[in-house]
Amino acid sequence: RTLSPGINWTLPAPFESVETVDVEEIRTIDIGSASNESENLMLTGDQNVIDLAYSVRWNISSPELYKFEIAEPDVTIREVAEAAMRSVIASVSLDDA
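This structure is a prediction, so every number in the text was calculated from the model and none was measured.

Draft legend 1. Representation of helix α2 (residues 73-90) in the model. For α2, which comprises 18 residues, the first-to-last C-alpha distance of 26 Å matches the rise-based estimate of 26 Å (1.5 Å per residue) to within 8%. The inward-facing, buried residues of α2 contact β1 (27-31), β2 (41-43), β3 (49-51), β4 (54-58) and α1 (63-68).

Structure representation (structure tokens):
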């Protein structure tokens, strides 16, 4: 359940716990060579292959959706960011990328 701001009653620790989500924090995910992972190869619109490293910055706008609607939110955000970057890189040339 979601607690609203103010005084709220919860059951003792073994039965119920409260987890706060910081919505002010700007989170960062590094994707590609900059994050010490394997190569992040992408195909450009003119059929060239590039190794791209980038960072994605994001924050939480709805704690309810973040905690209760997505099974693994950090993995999901990484996959969505990679899909969006691949879509953009596939539509531009090597020089523009």
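Draft legend 2. View of the nonpolar core. Counting residues in each nonpolar core, the largest one holds twelve residues, listed as Ile 29, Ile 31, Met 42, Ile 50, Leu 52, Tyr 54, Val 56, Trp 58, Ile 60, Tyr 66, Ala 81 and Ile 89. Broken down by element, the residue count for this core peaks at three residues, all from β4. Ignoring sequence-local partners within four residues, the contact set of Tyr 66 consists of Val 21, Trp 58, Ile 60, Pro 73 and Asp 74.

Definitions and cut-offs
Residues numbered from 1 in each chain as written. Predicted model: local features only at pLDDT ≥ 70, side-chain atom pairs only at ≥ 80, totals over all residues. Heavy atoms only, no water. Helix = DSSP H or I, 4+ residues; strand = E, 2+ residues; numbered from the N terminus. Expected span 1.5 Å × (residues − 1). Contact = heavy atoms within 4.5 Å. Core = buried A, V, L, I, M, F, W, Y, C linked by side-chain atoms within 4.5 Å. Buried < 20%, exposed > 50% of the residue type's maximum accessible area, 1.4 Å probe, protein only.

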